[in-house]
Amino acid sequence: MRHDLSWADAHPGSHPFLGEIFSLAFVRGVEPLDALTRVGALPDTLARRTPEEVSRLHEYDHGYPEVVSALALGEWTVLCQPTGFELTHLVDALSRGTEAVALLRHDYASPGFTHAVDGAVVTGFDPKHPGRRYGTDPDRLLPLMREAGFEPDSTAGQYDHSTSRALRLAGLVTGVVPTFDQLTAPLPSAHIDPWFTRTRPRTTADAHDLAERIVAELHLGSTPGLAPALAAARRGDPVVVSPDSELGGHVREWSSTARRASWSLNDPGGRHRMTDEERHRGYRLGHLVQALAAAFRADLA
């Protein structure tokens, strides 16, 4: 708990420096490999990696994968996603049957801190604006927030040291704080695809109709296992698709194509490797996998 946390707010050119974008999640009583499974780990991608090795995977030929590493600390597992932010969107799935904390540093968008218990967000807020909280009990962490250095009663922004303050709060909630050296050592890691998690769907109530329209538009009706899965979802039956199943393999391919369509626009080396037609198809595949996730997880909506 007394670690130097200055690395969490450090900027490029400083040392130690983890990144301008990274997310951490803590889950109690769940082993590292099980924690990775909860956030959609793809079993055939499991390997020990450093953050530098993870960053090198973020390019066109690899499909810009989301990669998460896992570290055991006492009764908690700490997940780390260098250059990524998916962990903060998966805290509900991570916390089912237990509790979880997630925090995000994102210098170009909104950072976040979330505490969840058994699938429900209890307290969440932007570390730069701790006065704006949400969840089933937004004020539960107020004493610990103050101890961590937040001013939760102020309407003014708190921009300095916001990430280290959030990490300190995570430590007060969990009793553990990873060091920079622990997070940057070679750790068990895997590509993740949130589609294979039990997180709440993000899309609309017409997910079945949308999925079926895109399947017809892209001529994917003959995809093995897809029609029976959609029919089961229509009946209200639970639909679980594993990453190593035939249908799961197609979902992984569709997700990868969608990521390439999106991420390559910001990659000078990948931008022109897709035609406009291919990129449009990639976007539609992204819409499809989101609609399928909502249709198959209707019990969580």
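Each value, and the rule that gives it
- Residues numbered from 1 in each chain as written.
- Predicted model: local features only at pLDDT ≥ 70, side-chain atom pairs only at ≥ 80, totals over all residues.
- Heavy atoms only, no water.
- Helix = DSSP H or I, 4+ residues; strand = E, 2+ residues; numbered from the N terminus.
- Rg over C-alpha atoms; globule rule 2.2 N^0.38 Å.
- Buried < 20%, exposed > 50% of the residue type's maximum accessible area, 1.4 Å probe, protein only.
- Lys, Arg positive; Asp, Glu negative; His and termini not counted.
- Charge placed at Lys NZ, Arg CZ, Asp CG, Glu CD.
- 1 Å grid on protein atoms, 1.4 Å probe; cavity = no way out; pocket = protein on both sides within 12 Å on 5 of 7 lines; lining within 4 Å.
- Points joined across faces, edges and corners; volume = space filled by probe spheres on them.
- Nonpolar A, V, L, I, M, F, W, Y, C, P; charged D, E, K, R; others polar.
- Phe/Tyr/Trp six-rings, centres within 6.5 Å; stacked < 30°, edge-to-face > 60°.
- Lys NZ or Arg CZ within 6 Å of the ring centre and 35° of its normal.
- Core = buried A, V, L, I, M, F, W, Y, C linked by side-chain atoms within 4.5 Å.
- Contact = heavy atoms within 4.5 Å.

A. Here's a closer look at the overall build of the chain. Regarding its fold elements, the chain presents ten helices and nine strands. Whereas a compact globule of 301 residues would reach a radius of gyration of roughly 19 Å, the chain reaches 20 Å, a difference of no more than 12%. Here the C-alpha coordinates of the chain stretch approximately 55 × 40 × 35 Å along the principal axes. Buried positions account for 54% of the 301 residues belonging to the chain. Looking at charge distribution, the chain has the averaged site of its 30 positive side-chain charges lying 2 Å from that of its 39 negative ones.

B. Structural detail: unusual backbone geometry. Here His-15 and Pro-16 are connected by a cis peptide whose omega angle stands at 0 degrees. Note that Pro-16 resides in the segment before strand 1 (21-28). Non-glycine residue Asp-118 carries a positive phi angle of around 50 degrees. We note that His-161 has phi near 60 degrees; this positive angle belongs to a residue other than glycine. Among the secondary structure elements, His-161 is positioned in the loop between helix 4 (142-148) and helix 5 (162-174). Among the residues examined, His-161 registers a relative accessible area of 52% and is labelled exposed.

C. Here's a closer look at empty space enclosed by the protein. Per the counting criterion, the structure on display carries one cavity of 30 Å³ or more. Looking at the largest cavity, its volume works out to about 70 Å³. Around the largest cavity, the lining residues are Val-54, His-58, Pro-65, Glu-66, Val-67, Gln-81, Pro-82, Thr-83, Gly-84 and Trp-263. Among the secondary structure elements, those contributing two or more residues to the lining of the largest cavity are strand 3 (66-73) and strand 4 (76-82). Tallied by class, the residues present in the lining of the largest cavity amount to five nonpolar, four polar and one charged.

D. Quick peek at the packing of aromatic side chains. On inspection of all chains with the given rule, the structure shows seven aromatic pairs. Among the aromatic residues, ring-to-ring pairing joins Trp-7, Phe-22 and Phe-180 into one connected group. The side chain of Arg-165 reaches across the aromatic face of Phe-150, ending 5.5 Å from its centre. Here Arg-260 stacks its cationic end above the ring of Tyr-60, 5.2 Å away from the centre of that ring.

E. Region of interest: the nonpolar core. Core analysis: the largest hydrophobic core is formed by 31 residues, its most contacted members being Trp-7, Phe-26, Leu-103, Phe-113 and Leu-167. Sorting elements by how many residues they give to this core places helix 5 first, with five residues. The residues touching Trp-7, leaving out its near neighbours within four places in the chain, are Pro-16, Leu-18, Phe-22, Arg-105, Leu-167, Pro-178, Phe-180 and Leu-183. Within the second largest apolar cluster, 29 residues are counted, among which are Leu-42, Phe-196, Trp-254 and Ala-291.

F. A look at the side chain of Thr-163. Within the secondary structure, Thr-163 sits in helix 5. For Thr-163, a relative accessible area of 8% gives the class buried. What Thr-163 contacts, discounting residues up to four positions off in sequence, is Ala-8, Asp-9, Phe-22, Leu-103 and Arg-105.

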